[in-house]
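Descriptive analysis of the structure
Listed below, chain by chain, are the residues.
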Protein chains: 2
Amino acid sequence: MNEFADAARDGLSPEALEKVLREVGVSRYHNRHPLHHKMTAGSLSKAQLQAWALNRYCYQSVIPRKDAMIIARAEDPAFRAEWRKRVEDHDGTDGWNGGIARWLKLATGLGLDADLVKSQKSALPATRFAVGAYLSFCTDRTLLEAVASSLTELFSPVIIGERVPAMLAKYDYVTEDILEYFRPRPAQASRDSDFALAYVLAKSDTPEKQQAVIDALVFKCDVLWAMLDALEQAYGDHGHVPPGAFDPKRPQ
Amino acid sequence: MNEFADAARDGLSPEALEKVLREVGVSRYHNRHPLHHKMTAGSLSKAQLQAWALNRYCYQSVIPRKDAMIIARAEDPAFRAEWRKRVEDHDGTDGWNGGIARWLKLATGLGLDADLVKSQKSALPATRFAVGAYLSFCTDRTLLEAVASSLTELFSPVIIGERVPAMLAKYDYVTEDILEYFRPRPAQASRDSDFALAYVLAKSDTPEKQQAVIDALVFKCDVLWAMLDALEQAYGDHGHVPPGAFDPKRPQ
């Protein structure tokens, strides 16, 4: 049951819409997933952390593409200029000195081969399908829904605040240096989600649009949740690795 | 590691290409998945069978759409006429007397509400992402790759031959009547896969195309495998249901 399926039925004030969007985060964001709890409790193996970093790379690498898709669909130059900061954050000035490169550093810092990670060939098919669904969503849905799907960034400073100190404290091979990806993210995410939230609240001027933006955020939470589900299914204590995917027990 | 990643490097005869495609089935088709083994061993609960039927409905309902996409992309009227049989098989003459309707009968025969199943809203996000990836594949890739992705039907008579007798024998509430979906499928699948295989072997006249059709079949096996993985993660003995999805323990 999707408890948000009719949330905007009677129309919502901007304040009430923001409240619903934040409630989506409270109940659906992936900091509620058991795998996140295991990660912050220090109970994941190095191989499980490797699998997480390797798969999440697929997500990181599609972020600037989905953001470019949003820019491509926006008619307002000021909107485009603002949104472009996101692409710059992840691609950097030469493609390899931004967020994607820092995620790669995290993956290699955990002992993975850079080419293996960059090829994405050992990622779980389920990861690719979820990430592909996200890119398709930002391509096929309205611009408003695409913008709303980015609003998980409202909640990312919280999960980063849980994840980084716990990883440093609980895993002796995790250093501040390899977690550099996360350092600028809370400030970037706050800047980006402030802009996206103001846009969504201003443009959602019918109950239908309000419901669409709520559904878009639920969808995006589903994407992130499905990525952790796939990791648990493949690499959890009762997991089995699907054919062809990264297998810590076999040479890559 | 994908053991088929370089299979066509040196070019293959049609016979050798067919051999590789059949090997993909042997190592990657979802009759190798633990959930299939549990199903045929009779060790799934009714709720687990319900979850399987409910989620698989999403796949069934997209089949005629992906086939229509293939028809839409084909320039040869004879090819289109042949491929149209697939759409007819699933949609029937009025949309609700073909394969989709028979799958719905299976789901309701297991005790599910028809509207719940048809709405697809309680399906796992991971199921939707996998099915969406299949439709996107048939939309975005070459016609040859789209056709090749259908070749899992080469293997479906085998899995149906394993599944149907086992389900009738092991689950006292499963009857021949509710398994009617499967009755015409082996003959249809053989007819369809004969045609698709001949097409693929005839058109794959370079090593690049041969590799592309092998990769397409691996991709399709990944889709089917990921669907069973998602079920096991959500409804298996150590599973947890993601937010909003069908939960046998809660009223729908």
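The name recorded for chain A in an unreviewed UniProt entry is Pyrroloquinoline-quinone synthase, from Pseudorhizobium banfieldiae. Taken verbatim from the UniProt record of chain A, the Catalytic activity (unreviewed entry) comment is "6-(2-amino-2-carboxyethyl)-7,8-dioxo-1,2,3,4,7,8-hexahydroquinoline-2,4-dicarboxylate + 3 O2 = pyrroloquinoline quinone + 2 H2O2 + 2 H2O + H(+)". Among the UniProt annotations of chain A, the heading Pathway (unreviewed entry) holds the following wording: "Cofactor biosynthesis; pyrroloquinoline quinone biosynthesis."

1. Points about the nonpolar core
Across soluble globular proteins, you tend to see nonpolar side chains buried next to one another. A:W52 and B:W52 are the most contacted members of the largest nonpolar core, which totals 174 residues. Not counting the four nearest positions on each side in its chain, A:W52 is found in contact with A:M39, A:W103, A:L106, A:R163, A:M167, A:F182, A:L228 and A:L231.

2. Quick word on the packing of helix α3 (residues 46-73) of chain B against helix α4 (residues 77-91) of chain B
All names here are of chain B. In the contact formed by α3 and α4, the axes pass within 9 Å of each other and the chain directions differ by 165 degrees. The angle between α3 and α4 falls in the class roughly antiparallel. Along this stretch, α3 crosses α4, giving a crossing that reads as left-handed. Residue-level inspection shows Q60, I63, P64, K66, D67, A68, I70 and I71 of α3 in contact with α4, the latter providing F79, R80, W83, R84, R86, V87, H90 and D91.

3. Focus on the relation of the copies chain A and chain B
Mapping chain A onto chain B calls for a screw motion: a turn of 180 degrees about the axis and a shift of 0.0 Å along it, with 0.0 Å RMSD after fitting. Such a turn and shift between the copies fits a two-fold axis. Comparing interface residues between copies, 100% of those in chain A also lie at the interface in chain B; the contact surface is shared.

4. Focus: the UniProt feature "domain: Thiaminase-2/PQQC" (unreviewed entry) in chain A
Taking the UniProt record as the reference, the feature "domain: Thiaminase-2/PQQC" (unreviewed entry) is found at residues 25-229 of chain A. From the first C-alpha to the last, residues 25-229 of chain A spans 17 Å; its make-up is 74% helix and 0% strand.

5. What about the pattern of salt bridges?
Under the defined criterion, the tally for this structure stands at 38 salt bridges over all chains. With a shortest N-O distance of 3.9 Å, B:R128 and A:D222 are connected by a salt bridge. Taken together, the residues span two chains, with B:R128 in helix α7 (residues 125-140) and A:D222 in helix α11 (residues 207-235). Classification of B:R128 by relative accessible area gives partly exposed; the value is 33%.

6. Points about the side chain of B:H90
Residue position: B:H90 is located in helix α4. We classify B:H90 as buried; its relative accessible area is 5%.

7. Some remarks on helix α3 (residues 46-73) of chain A
All names here are of chain A. Between its terminal C-alpha atoms α3 stretches 41 Å, which fits the 40 Å expected from 28 residues at 1.5 Å a residue. Considering bend angle alone, the principal kink of α3 is centred on V62 and spans about 30 degrees; proline P64 follows within four residues of it. For α3, a buried count of 21 out of 28 residues is recorded, marking the element as mostly surrounded by other parts of the structure.

8. Brief notes about the interface of chain A and chain B
The interface is formed by 26 residues belonging to chain A together with 26 residues belonging to chain B. When chain A packs against chain B, close to 2,200 Å² is buried across both sides, 63% of that on carbon and sulfur atoms. Linking chain A to chain B there are two salt bridges. Viewed at the interface, chain B and chain A are joined by 10 residue pairs in polar contact (both at pLDDT 80 or more). Elements represented by at least two residues in the side of chain A that touches chain B include exactly α1 (14-28), α7 (125-140) and α11 of chain A. Per-element tally for the side of chain A that touches chain B: the top contributor is α11(A), with eight residues. Grouping the constituent residues of the side of chain A that touches chain B by class yields 13 nonpolar, eight polar and five charged.

Quick notes on the rules
- Residues numbered from 1 in each chain as written.
- Chains lettered and ligands numbered in written order.
- Predicted model: local features only at pLDDT ≥ 70, side-chain atom pairs only at ≥ 80, totals over all residues.
- Heavy atoms only, no water.
- UniProt positions renumbered as here; feature names shortened; annotations may be inferred.
- Core = buried A, V, L, I, M, F, W, Y, C linked by side-chain atoms within 4.5 Å.
- Buried < 20%, exposed > 50% of the residue type's maximum accessible area, 1.4 Å probe, protein only.
- Contact = heavy atoms within 4.5 Å.
- Axes fitted to C-alpha atoms, helices over the stretch in contact; angles between N-to-C directions.
- Helix = DSSP H or I, 4+ residues; strand = E, 2+ residues; numbered from the N terminus.
- Parallel < 35°, antiparallel > 145°, perpendicular 65-115°, else oblique.
- Left-handed = near helix turned anticlockwise from the far one by under 90°.
- Least-squares fit on C-alpha atoms with pLDDT ≥ 70 in both.
- Salt bridge = Lys/Arg side-chain N within 4 Å of Asp/Glu carboxyl O.
- Expected span 1.5 Å × (residues − 1).
- Bend = angle between axes of the 7 residues up to and from the residue.
- Buried area = accessible area lost by both parts, 1.4 Å probe.
- Polar contact = N/O pair within 3.5 Å; in protein donor to acceptor, adjacent residues only side chain to side chain.
- Nonpolar A, V, L, I, M, F, W, Y, C, P; charged D, E, K, R; others polar.

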